[in-house]
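Single-letter residue listing:
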Amino acid sequence: QVQLTESGGGLVQAGGSLRLSCSASGLASSTYRMAWFRQAPGKEREFAAAIGRSTYYGDSVNGRFTISRDNANNMVYLQMNSLKPEDTAVYYCAAQQSWKNYYRAPNYDFWGQGTQVTVSS
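Everything in this summary refers to the structure shown in the same document. Since we're looking at a predicted model, the values are computed, not measured.

Conventions and cut-offs
Residues numbered from 1 in each chain as written. Predicted model: local features only at pLDDT ≥ 70, side-chain atom pairs only at ≥ 80, totals over all residues. Heavy atoms only, no water. Phe/Tyr/Trp six-rings, centres within 6.5 Å; stacked < 30°, edge-to-face > 60°. Helix = DSSP H or I, 4+ residues; strand = E, 2+ residues; numbered from the N terminus. Buried < 20%, exposed > 50% of the residue type's maximum accessible area, 1.4 Å probe, protein only. Pairing = 2+ DSSP bridges. Core = buried A, V, L, I, M, F, W, Y, C linked by side-chain atoms within 4.5 Å. Contact = heavy atoms within 4.5 Å. Disulfide = S-S within 2.5 Å. Polar contact = N/O pair within 3.5 Å; in protein donor to acceptor, adjacent residues only side chain to side chain. Salt bridge = Lys/Arg side-chain N within 4 Å of Asp/Glu carboxyl O. Axes fitted to C-alpha atoms, helices over the stretch in contact; angles between N-to-C directions.

## Observations concerning the packing of aromatic side chains
- One pass over the full model with this rule turns up nine aromatic pairs.
- Centroid distance Y56 to Y102: 3.9 Å. Interplanar angle 20°. Geometry classified as stacked. One end of the pair, Y56, is in strand 6 (residues 55-57); the other, Y102, is in the loop between strand 9 (89-96) and strand 10 (110-111), with 46 residues separating them in the sequence.
- Judged by its relative accessible area of 23%, Y56 is partly exposed.
- Three or more aromatic residues joined by ring pairs form one cluster here, namely F37, F47, Y56, Y92, Y102, Y103, Y108 and W111.

The following block contains the structure:
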């Protein structure tokens, strides 16, 4: 019943921007910490950004990405600017009830299927 659905991925040139969206159903996103993770081929899933009472960013995206939410519509967004080829990955939306260890993927309760972001150089 709980479903997170990502959209907005695609192909973009280095230096460009994309805005990812996550639509949450079956849960009230306002009661969860929401996050974005990413996983590139052959690499571990990496924390990108989270939003709850505060916002948090991974070192690799800090200053370039912005996470935001629209609680009334159960939407979460990730604005990605100044994209680099190393940002190429599948981006996943996640929801956490525990309000702890925001940077660890195993602590999240629900996940979307992911959306592909490819940055060309």
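Continuing now.
## With respect to the pairing of strand 3 (residues 18-25)
- For strand 1 (residues 3-7) and strand 3, the ladder comprises five bridges, and the chain directions are antiparallel. Across the sheet, residue E6 finds its bridge partner in strand 3, namely C22.
- With six bridges connecting them, strand 3 and strand 8 (residues 75-80) associate as antiparallel partners. For L18, the partnering residue across the bridge sits in strand 8 and is M80.

## Some points on the nonpolar core
- Counting 27 residues, the largest nonpolar core has L4, M34, W36, L78, M80 and Y91 as its most contacted members.
- Taken together, the elements giving at least two residues each to this core come down to strand 3, strand 4 (33-39), strand 5 (46-51), strand 7 (65-70), strand 8, strand 9 and strand 11 (115-120).
- Those residues in contact with M80, other than ones at most four positions away along the chain, are G16, S17, L18, L20, R64, F65, Y91 and V117.
- Formed by seven residues, the second largest nonpolar core is a distinct cluster that contains A35, F47, A105 and Y108.

## Comments concerning the state of the cysteines
- Summed over the entire model, instances satisfying the criterion amount to one disulfide.
- The partner cysteine of C22 in its disulfide is C93, sulfur to sulfur 2.1 Å. Disulfide C22 to C93: torsion about the S-S bond roughly -80°, handedness left-handed. Taken as a pair, C22 in strand 3 and C93 in strand 9 lie far apart in primary sequence, 71 residues in all. The burial state of C22 is the same as that of C93; both residues are buried.

## Some points on the side chain of T115
- Here T115 shows up in strand 11.
- The buried category is assigned to T115, whose relative accessible area is 10%.
- A polar contact of 3.2 Å, which involves the side chain of T115, links it to the backbone nitrogen of G9.
- Once residues lying within four places of it in the same chain are set aside, the contact partners of T115 are E6, S7, G8, G9, L20, A89, V90 and Y91.

## Some thoughts on the pattern of salt bridges
- Enumeration over the complete set of coordinates arrives at three salt bridges.
- Between R38 and E46 there is a salt bridge; the shortest N-O distance is 2.7 Å.

## So, the sheet that holds strand 7
- A sheet is described by the order of its strands in space; here four strands give the open sequence 1-3-8-7, paired in antiparallel fashion. Two strands close off the open sheet at either side, each with one partner strand: strand 1 and strand 7. Averaged over all pairs of adjacent strands, the angle between their axes in this sheet comes to 15°, without regard to strand direction.

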